[in-house]
Amino acid sequence: MQNQQIKSLPPFQSVSSIPTIFLNFVFGLFWVFFVLFFITGIIYLLSSSFEETGLDEIATIALFFIFFIALSGIVTLLIYARKKMFTTTIVDEKGIRYLNKFNGFVVKDLPWSSFAKKEDFTYLLESPKYDVSSNTPMKSVFDQFAWPVLINKNVVIHTDAFLGRHFFCMFYSNRTELIRSFLLGIARYRPDITVNPAIFVNHNIDMENYIIDYRKRRITQVLGFGVCVFILALSYYFVFH
């Protein structure tokens with residue numbers, strides 16, 4: 001029965017992420033200017049007198065430490081995350097790979113065989129209903145997938161939003177295609193893994209033929225953009241009137 005279901009699936013095609021150049025460039029420049037702002041501020045405070053800054057000694061020292069702590073936090077984040085940064089996600093017949101194209105380093109490789117069942121992991125809270133689940137974290141518009149994987153003989157929870165983890169390569173223009181390939185790969189290579197049906201609905205992917213409803217997706221995107229514009233306009237009206 002399981003073999004018949006696999007044979008009825010559409011052909012599997014590997015998909016590699018395609019970066020959204022403009023958004024990634026703007027996002028990367030934001031962080032560059034953010035860092036330069038604090039560096040410039042520190043240099044200015046160190047090289048200027050109290051008369052030039054217009055601040056007294058206590059305020060100058062306080063502002064210096066604020067800038068220094070903020071800059072230290074960014075540097076610490078870069079040092080901690082540099083080995084985990086990846087620019088490219090590939091979903092193929094072997095599994096999922098995360099690559100950093102800037103140094104050619106394979107950040108993580110998850111073959112289909114490494115996917116585990118939810119029963120293999122001990123959850124602190126209630127166990128999810130499906131092996132692959134998703135949720136939308138606060139302050140994010142992108143949902144995040146979670147499922148257990150076997151790494152170095154230990155079962156851990158792997159999370160993936162199908163976004164890059166690099167300041168200059170965060171957004172993918174074919175995110176939905178990556179998700180579709182991910183779901184089809186599970187159905188073909190790991191049919192024992194259960195997937196929350198809401199994932200299909202949320203990304204306009206048909207559960208039977210794995211076809212993406214691009215028209216419905218565009219309508220949803222336009223409506224979402226319209227709601228955001230309406231909220232911003234409403235906020236502007238109440239703030240300035």
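Residues numbered from 1 in each chain as written. Predicted model: local features only at pLDDT ≥ 70, side-chain atom pairs only at ≥ 80, totals over all residues. Heavy atoms only, no water.

Participant: How should a nonpolar patch on the surface be read in this particular structure?
Facilitator: Side chains of Phe22, Leu23, Phe25, Val26, Val32, Phe33, Leu36, Ile39, Ile43, Phe102 and Phe168 sit close together on the surface and give an oily, nonpolar patch of about 1,100 Å² of accessible area. Take isoleucine 43: it is sitting in helix H2 (residues 21-47). (Patch = residues over 30% accessible without salt bridge, like charges linked within 9 Å, V, L, I, M, F, W, Y side chains within 5 Å. Areas by Shrake-Rupley, 256 points an atom, 1.4 Å probe, with all protein chains shown as cover. Salt bridge = Lys/Arg side-chain N within 4 Å of Asp/Glu carboxyl O. Helix = DSSP H or I, 4+ residues; strand = E, 2+ residues; numbered from the N terminus.)

Participant: Explain helix H4 (residues 57-81) to me, please; I cannot follow it from the model alone.
Facilitator: Given 3.6 residues per helical turn, the α-helix brings residues three or four places apart onto the same face. For H4, with 25 residues, the first-to-last C-alpha span of 36 Å sits near the 36 Å given by 1.5 Å per residue. Regarding H4, the residues found buried are Thr60, Phe67, Leu71, Ile74 and Ala81. (Expected span 1.5 Å × (residues − 1). Buried < 20%, exposed > 50% of the residue type's maximum accessible area, 1.4 Å probe, protein only.)

Participant: How do you make sense of the side chain of glutamate 177 when you look at a structure like this?
Facilitator: Position of glutamate 177 among the secondary structure elements: in helix H5 (residues 175-189). A polar contact of 2.6 Å, which involves the side chain of glutamate 177, links it to the side chain of tyrosine 214. In contact with glutamate 177, other than residues within four places in its own chain, are Val15, Ile212, Tyr214 and Arg217. (Polar contact = N/O pair within 3.5 Å; in protein donor to acceptor, adjacent residues only side chain to side chain. Contact = heavy atoms within 4.5 Å.)

Participant: How should the packing of aromatic side chains be read in this particular structure?
Facilitator: Two measures describe an aromatic ring pair: the distance that separates the ring centres and the angle between the ring planes. Counted under the stated rule, the structure contains 25 aromatic pairs. Ring centres 5.9 Å apart and planes at 80° place the aromatic pair phenylalanine 30 and tryptophan 31 in the edge-to-face group. On the basis of relative accessibility, which here comes to 46%, the residue phenylalanine 30 falls in the partly exposed class. Plain terms: the ring middles of phenylalanine 37 and phenylalanine 38 are 5.3 Å apart, the flat faces sit at 75° to each other, and that makes the pair edge-to-face. Among the aromatic residues, ring-to-ring pairing joins Phe27, Phe30, Trp31, Phe34, Phe37, Phe38, Phe67, Phe142, Phe167 and Phe171 into one connected group. (Phe/Tyr/Trp six-rings, centres within 6.5 Å; stacked < 30°, edge-to-face > 60°.)

Participant: What should I look at first to understand the nonpolar core in this one?
Facilitator: One recurring pattern in soluble globular proteins is that nonpolar side chains are buried together. Judged by nonpolar contacts, the single largest core of 30 residues is most densely connected at Phe115, Val132, Trp147, Phe182, Leu183, Ile186 and Tyr210. Taken together, the elements giving at least two residues each to this core come down to strand E3 (95-100), strand E6 (144-151), H5 and helix H6 (197-202). At seven residues, the largest contribution of residues to this core is made by H5. The residues contacting phenylalanine 115, other than those within four sequence positions of it, are Ile96, Leu110, Trp147, Pro148, Val149, Phe182, Ile186, Arg190 and Ile193. The next biggest cluster of nonpolar side chains, apart from the first, holds five residues, and it includes Ile42, Phe67, Leu71 and Ile74. (Core = buried A, V, L, I, M, F, W, Y, C linked by side-chain atoms within 4.5 Å.)

Participant: Could you clarify how one ought to interpret the packing of H2 against H4 in this entry?
Facilitator: Geometry of a packed helix pair, given as the angle between the helix axes and the separation of the axes. Interaxial distance between H2 and H4 falls to 9 Å at its minimum, and their mutual angle equals 145°. Crossing hand, H2 versus H4: left-handed. On the side of H2, the interface is formed by Phe34, Val35, Phe37, Phe38, Ile39, Gly41, Ile42, Leu45 and Leu46, while H4 contributes Thr60, Leu63, Phe64, Phe67, Phe68, Ala70, Leu71 and Ile74. In terms of residue class, the contact of H2 with H4 is built from 15 nonpolar, two polar and no charged. (Axes fitted to C-alpha atoms, helices over the stretch in contact; angles between N-to-C directions. Left-handed = near helix turned anticlockwise from the far one by under 90°. Nonpolar A, V, L, I, M, F, W, Y, C, P; charged D, E, K, R; others polar.)

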